[in-house]
Amino acid sequence: MARPAAALLAFLLAFPAFAQPDPRKVVRTAYPSAESKLDPAAESDEASGSISHAIFDPLLAYDFLARPAKLKGNTAALPEITDVGATFTLRLRPGIFFAPDPAFGGKPRELTAHDYVYSIKRLFDPRLRSQWLFLVEGKIRGGDAAMKAAKESGRFDYDAPMEGLQALDRYTIRIRLENPDYSFPYVLAMPCTAALAREVVERYGDDIAHHPVGTGPFRIAEWVRGSRIVLEANPGFREEVFDGDPGPDEASRAIHARLEGRRLPIVGRIEIHVVDEAQPRWLAFLGGEHDYIRPVPEDFANLALPGGKLAPNLAKAGITVTPDEIAYTPYTTFNTAETIDGKPKALGGFAPERVAL
């Protein structure tokens, strides 16, 4: 199901293009819940996922204005698809570098195909208990066998070859699936398949989630866990400009026209505050402390959007509203296998007299 939510956005000013992100341009916002860990493969909440997406790079990216959704290249070009949709070959762009970190010994560290092989393997590592395992489990050849061996030995062997995940050379990665799946490239645009450098992971060990080092447009400048995160533009970020499908609606085309050809990232700083209560989050937005709020707190939806339209006082203040959609599927599950004192639980079961439940 898809449910429309609402995001109120402060109007965007048309700044001229800059060779580098404008340090004067700061985006301030509030999250209704705290981040937990900034590790793309291990994160399990919306806040951590969105922040990780600004720091780390998947192979591909979504063309955000396109409808219906479609992919475009990111650190790699769109894949060459063979074997009727069972093999995907991707070629990385040379000259992409990780943000500096002591793990690199003071030397520039280029992103390679081996980094993606290592990072996607991490999804199979039982120690990580990745909630994103379902995206690759039973799909990439050799992945399940490697996971089974790790459970038996107590250690995942990252050096062992995996048939379905290979770096053919420094800039080429080949992914082979158990069965054809033309939708698999969409997995390669998700933050959980972004690249980490193995030496960084090994340096920080179990604390890697609090030492995010990526190749993306931003890096951590300040971090008070569960309270405040400041991202600053990565000064070593590759040459990247805004492009893509203008989108089908007037608002999307206006965004595309305003941003087309501009160097990314456009802003120099993002300030995120964790404000879990709806009232102070809403009042901070109205007071100009934050530039946008998403979603509109339910307690104030009727004030902000009476009759489904933006309130006149908000429109007069230069605020705009953008419809948002959140897709979700609810599940209700029953455990019918457990017993109490050796007898089946009274609730449910598969015997004829119980299955009707």
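Coordinates for the structure precede this section.
The notes below deal with the structure included here. Note that the coordinates shown come from a computational prediction; the quantities given were computed from them, not determined experimentally.

## A look at the overall build of the protein chain
Scanning the protein chain for helices and strands turns up nine helices and 15 strands. Buried positions account for 42% of the 357 residues belonging to the protein chain. Considering only residue pairs separated by 6 or more positions, the protein chain has 63% of its internal contacts joining residues 24 or more positions apart. Counting only carbon and sulfur atoms, one obtains 55% of the accessible surface of the protein chain, whose full area is about 19500 Å².

## Some thoughts on the sheet that holds strand S5 (residues 80-82)
Spatial strand order, S5-S6-S8-S7: four strands in an open sheet with antiparallel pairing. Among the strands making up the open sheet, the edge pair consists of S5 and strand S7 (165-169). On average, each strand axis in the sheet is tilted by 20° relative to the strand beside it, whichever way the strands run. Pairing of strand S6 (residues 87-91) with strand S8 (residues 172-176), which is carried by five bridges, proceeds in the antiparallel orientation. Bridging from a neighbouring strand, Phe-88 pairs with Ile-175 of S8. Strands in contact with helix H2 (residues 113-122) are S7 and S8; relative to S7, the strand with the most contacts, it is inclined by about 175°.

## Topic: the side chain of Lys-121
Relative to the assigned elements, Lys-121 resides in helix H2. In this structure, Lys-121 is buried with no salt-bridge partner, the nearest side chain bearing the opposite charge being Asp-159 at 6.9 Å. Among the polar contacts made by the side chain of Lys-121, one reaches the main-chain carbonyl oxygen of Tyr-158 at a distance of 3.0 Å.

## Notes on the layout of surface pockets
In this structure, the second largest pocket spans a volume of roughly 440 Å³. Looking at the second largest pocket, it is lined by 16 residues, and the ones nearest its centre are Arg-122, Arg-127, Leu-128, Gly-205 and Asp-206. Listing elements by their share of the lining of the second largest pocket, those giving two or more residues are H2 and helix H4 (198-204). Residue contributions to the lining of the second largest pocket peak at three residues, all from H4. Looking at the lining of the second largest pocket residue by residue, the classes come out as seven nonpolar, one polar and eight charged.

Thresholds applied
- Residues numbered from 1 in each chain as written.
- Predicted model: local features only at pLDDT ≥ 70, side-chain atom pairs only at ≥ 80, totals over all residues.
- Heavy atoms only, no water.
- Helix = DSSP H or I, 4+ residues; strand = E, 2+ residues; numbered from the N terminus.
- Buried < 20%, exposed > 50% of the residue type's maximum accessible area, 1.4 Å probe, protein only.
- Contact = heavy atoms within 4.5 Å.
- Areas by Shrake-Rupley, 256 points an atom, 1.4 Å probe, with all protein chains shown as cover.
- Pairing = 2+ DSSP bridges.
- Axes fitted to C-alpha atoms, helices over the stretch in contact; angles between N-to-C directions.
- Lys, Arg positive; Asp, Glu negative; His and termini not counted.
- Salt bridge = Lys/Arg side-chain N within 4 Å of Asp/Glu carboxyl O.
- Polar contact = N/O pair within 3.5 Å; in protein donor to acceptor, adjacent residues only side chain to side chain.
- 1 Å grid on protein atoms, 1.4 Å probe; cavity = no way out; pocket = protein on both sides within 12 Å on 5 of 7 lines; lining within 4 Å.
- Points joined across faces, edges and corners; volume = space filled by probe spheres on them.
- Nonpolar A, V, L, I, M, F, W, Y, C, P; charged D, E, K, R; others polar.

None of the figures reported here should be taken as evidence of function without further support.
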